[in-house]
Amino acid sequence: SWKISSFIEQEVDSIRERVGQSRVICGLSGGVDSSVTAALLYKALGSQLTCIFVDNGLLRKGEREQVEYEFGEHFKTDLHVVDARDRFLEALAGVTDPQKKRKIIGKTFIDVFKDESAGIENAHFLAQGTLYPDVIESGANPDGPAATIKYHHNVGGLPEQLGFELIEPMRMLFKDEVRLMGHELGLPEKLIWRHPFPGPGLAVRCLGEITHDRLETLREADAVLIEELYDSDYYHKVQQAFAVLLPLQTVGVMGDARTYEDVIAIRSVDTDNFMTADWSRLPYDLLQRVSTRIINSVRGVNRVVYDISSKPPSTIEWE
Ligand code: XMP
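Not measured: the values here are computed from a predicted model.

Caption draft 1: A look at the overall build of the protein. The secondary structure content of the protein amounts to 12 helices and nine strands. Here the protein has a C-alpha radius of gyration of 20 Å; the compact-globule value for 319 residues is 20 Å, and the two agree. Across its three principal axes, the protein shows a C-alpha extent of roughly 70 × 40 × 35 Å. Within the protein, the fraction of its 319 residues that count as buried is 38%. Summarising the internal contacts of the protein: among those between residues at least 6 apart in sequence, 74% fall at separations of at least 24.

Caption draft 2: Geometry of unusual backbone geometry. In this chain, Lys311 is followed by Pro312 through a cis amide linkage whose omega measures -15 degrees. Within the secondary structure, Pro312 is located in the segment after strand E9 (301-306). Look at the link from Pro312 to Pro313: it is a cis peptide, with omega at 5 degrees. The topology assignment puts Pro313 in the segment after E9.

Caption draft 3: Fine view of the domain arrangement of the protein. For the protein, the assigned domains are domain 1 (2-192) and domain 2 (206-306). Inter-centroid distance (C-alpha atoms) of domain 1 to domain 2 is 29 Å. In this assembly, 11 residues from domain 1 lie in contact with 11 residues from domain 2. Across the side of domain 1 that touches domain 2, the residue classes tally to five nonpolar, four polar and two charged.

Caption draft 4: How the structure looks around helix H3 (residues 63-74). With 12 residues, H3 extends 15 Å between its outermost C-alpha atoms, agreeing within 8% with the 16 Å of an ideal straight helix rising 1.5 Å per residue. All of the buried residues in H3 are Val67, Glu70 and Phe71. On an axial view of H3, the arc spanned by its buried residues comes to 75 degrees, and they lie on one face. Exposed and oriented more than 90 degrees from the buried face of H3 are Glu65 and Glu73. If you follow the buried residues of H3, they end up packed against strand E1 (23-28), helix H2 (32-45), strand E2 (49-55), strand E3 (78-83) and helix H10 (189-192).

Caption draft 5: Region of interest: the sheet that holds E1. One open sheet holds the five strands; their spatial order is E3-E2-E1-E4-E5, and the pairing between them is parallel. Of all the strands in the sheet, the pair left with one neighbour each is E3 and strand E5 (165-167). Across the sheet, the mean angle from the axis of one strand to that of its neighbour is 30 degrees, orientation sign disregarded. Pairing of E2 with E3, which is carried by six bridges, proceeds in the parallel orientation. Bridge assignment links Asp55 to a residue of E3, and that residue is Asp83. On the sheet, H2 packs against E1, E2 and strand E4 (123-127) and is oriented at approximately 160 degrees with respect to E1. Of the strands in this sheet, E1, E2 and E3 touch H3, which is tilted by about 165 degrees from E3.

Analysis parameters
Residues numbered from 1 in each chain as written. Predicted model: local features only at pLDDT ≥ 70, side-chain atom pairs only at ≥ 80, totals over all residues. Helix = DSSP H or I, 4+ residues; strand = E, 2+ residues; numbered from the N terminus. Rg over C-alpha atoms; globule rule 2.2 N^0.38 Å. Buried ≥ 20, exposed ≤ 12 C-beta atoms within 10 Å, placed from the backbone. Contact = placed C-beta atoms within 7 Å. Domains from an automatic or database assignment. Nonpolar A, V, L, I, M, F, W, Y, C, P; charged D, E, K, R; others polar. Expected span 1.5 Å × (residues − 1). Arc of directions from axis to C-beta. Pairing = 2+ DSSP bridges. Axes fitted to C-alpha atoms, helices over the stretch in contact; angles between N-to-C directions.

Written as structure tokens, this is what we have:
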């Protein structure tokens, strides 16, 4: 729209003026807020922009590849993909407490980000996709950086710690305006309308101990669910949907043999603001396909259950 394109032009001018010849670092998460921020900065600064994407091993299937395509090939930013999978796995080894998982992930992220950004010369600015709801600290932007920022503040504040000045070009915008902006800047619709994904990623959906193999099981099951949602045109009818790997085995039967394997729970919610939510009334035949495909194709899973709890009193995530 005209309003959005003139806002973009205005921001491009003011970013250029503020930054001068300096380099700007933008942390990419793969989500819509950081992606739109990076696309805007790329328009303003071109090769003066460095994007950092941390692969923490807790991403969904294909997520890293999407970021590599979008910001390495489509937008040819100076993209640094940091493979920190082992570092996160090692830090999380043996940890089952949800809050401990979150703390470890937050701290490890800061360490990794610090190490990577330390090697980037002439960078005085850090860009963040903070939205207006984050600024006023409402919970209306669940996938925004608010949770991470609050956490970072607890451990000293990432930008300050690193000696950066903050650039937050979207701090006056709401989510729908950010989506319009993403559209205007040429980001794919699939990314613009992606469901929110928590900072700690699959870690808070992999109940119990986090191992490479358990993450792989969860990632495969989640990919089946998401694919079936897209194929049935249900992805955009629900606000958030995902698989959860439970920390227990149950008995099943295959041929003449008894199995004792993992359980996958499917969570899908309808919600306006993520503060309250209702479980989605997904069609039985869709649930049937998801269940059959997960059990047939994901090794080590012999049971799929559907979460029929509302928020409150349940939360959307299981941890
Ligand atoms: P709950 O589970 O609290 O989730 O009903 C509400 C929304 O917030 C997201 N969520 C998080 N986002 N870091 C994030 O960035 C987190 O630690 C976190 N925990 C929950 C959740 O996915 C849902 O959209």
